[in-house]
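# Report on the structure
So you can see what is in the structure, the chains are spelled out below.
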Amino acid sequence: MLLEVKKQSGFSRNGFTLVEIIVVMGLVAALAVLSVGGYLQYRKSTILNLSADSIIAQIYSQRNKAMLGYYKGQRADEIRTELDKTSENFDAETVLEKDIFESKCFTVLFEKSADGKFLAYISQKDFSGKKVFGIDSWEYEGCKDFTNDTVIQKNLFELDSLIKIDNVSVGNFSGSGAGNAILDSLEIKFLPPDGEIHVLQDGKKVGSADVGMKIDISYGDNNPDYEKSVFFDFVSGVGTISK
């Protein structure tokens, strides 16, 4: 009888104690915090990398539009012939009839805003095929000066709202070369029909030693872990991204 009472008064160990449940919940919470933090870091790095790629792609797009004839539906080869007065196919009347002077050049513009950061724009402007004598040679008059009267279309770069352009500079960035900071603006013009590059720094042509530009971007505010530099070579027309 006594044995039966002891058996009936015994308790089952099939469940979990309160302490065990609290320990497990704490481990789950810790893992959740770690995973969320890792995801946020991955997201920031991914957005930063994609934004750097996007900057180069949008610069390439402007150059390609100038090279491939994004103006009045005319092919680049036709415009090369029309602008080449030495060509046996050159006909001044045909050039005027096709209104070659309404061709377009495509630009990339960086302007410093009131907060010290830069805003980036893409635009298209009228292109003049008229030749004028420059410093030491004849050259096309090309894109008109950047004023509100000459801009046909001006749009902000497509970038994530949290991506900031901290600085833009020009110089020779091969090796340990340093750049010169842009005070107010930098404009890169791509001229038809070959995508020839003209660069204006604060309204003036850059020097011969300034063969490229550097664009420093960041995610958020003043976090050195989420910064990148985009380089674009004016000579080769190639863009690269810092690691």
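That block above? That's the structure.
Residues numbered from 1 in each chain as written. Predicted model: local features only at pLDDT ≥ 70, side-chain atom pairs only at ≥ 80, totals over all residues. Heavy atoms only, no water.

## Examining the packing of aromatic side chains
In the structure shown here, the tally under the stated rule is six aromatic pairs. An aromatic cluster is defined as three or more aromatic residues linked by ring pairs; in this entry it consists of Tyr60, Phe190, Phe232 and Phe234. Geometry around tyrosine 121 places lysine 154 over its ring, the cationic atom sitting 4.3 Å from the centre. (Phe/Tyr/Trp six-rings, centres within 6.5 Å; stacked < 30°, edge-to-face > 60°. Lys NZ or Arg CZ within 6 Å of the ring centre and 35° of its normal.)

## Thoughts on the pairing of strand 1 (residues 103–112)
Burial within strand 1 is extensive, with eight of its 10 residues counted as buried. Pairing geometry for strand 1 and strand 7 (residues 185–191), over six bridges, is antiparallel. Residue pairing across strands places threonine 107 opposite lysine 189, the latter belonging to strand 7. (Buried < 20%, exposed > 50% of the residue type's maximum accessible area, 1.4 Å probe, protein only. Helix = DSSP H or I, 4+ residues; strand = E, 2+ residues; numbered from the N terminus. Pairing = 2+ DSSP bridges.)

## What about the nonpolar core?
Within soluble globular proteins, side chains that are nonpolar tend to cluster in buried spots. Grouped together as the largest cluster of nonpolar side chains are 32 residues, with contacts concentrated most on Ile59, Phe110, Leu186, Ile188, Met213 and Ile215. Counting residues per element, this core draws most heavily on helix 2 (residues 18–68), which supplies seven residues. Those residues in contact with isoleucine 59 that sit more than four places away from it in its chain are Val108, Phe157, Phe190, Met213, Ile215 and Phe232. (Core = buried A, V, L, I, M, F, W, Y, C linked by side-chain atoms within 4.5 Å. Contact = heavy atoms within 4.5 Å.)

## Concerning the side chain of glutamate 187
Here glutamate 187 is to be found in strand 7. Its relative accessible area of 5% is what places glutamate 187 among the buried residues. Polar contacts involving the side chain of glutamate 187 include one to the side chain of lysine 125, which spans 2.9 Å. (Polar contact = N/O pair within 3.5 Å; in protein donor to acceptor, adjacent residues only side chain to side chain.)

## Describing the pattern of salt bridges
A full pass over the atoms with the stated rule returns four salt bridges. In this structure, the salt-bridge partner of lysine 117 is aspartate 166, at a minimum N-O distance of 2.6 Å. You can see lysine 117 sitting in the loop between strand 1 and strand 2 (118–133) and its partner aspartate 166 sitting in strand 5 (residues 163–171), a full 49 residues away along the chain. With a relative accessible area of 23%, aspartate 166 lands in the partly exposed category. (Salt bridge = Lys/Arg side-chain N within 4 Å of Asp/Glu carboxyl O.)

## Examining unusual backbone geometry
One non-glycine residue with positive phi stands out, namely aspartate 202, at about 50°. Tracing the chain through its elements places aspartate 202 in the loop between strand 8 (196–201) and strand 9 (204–205). Under the relative-accessibility criterion, aspartate 202 is labelled partly exposed at 25%.

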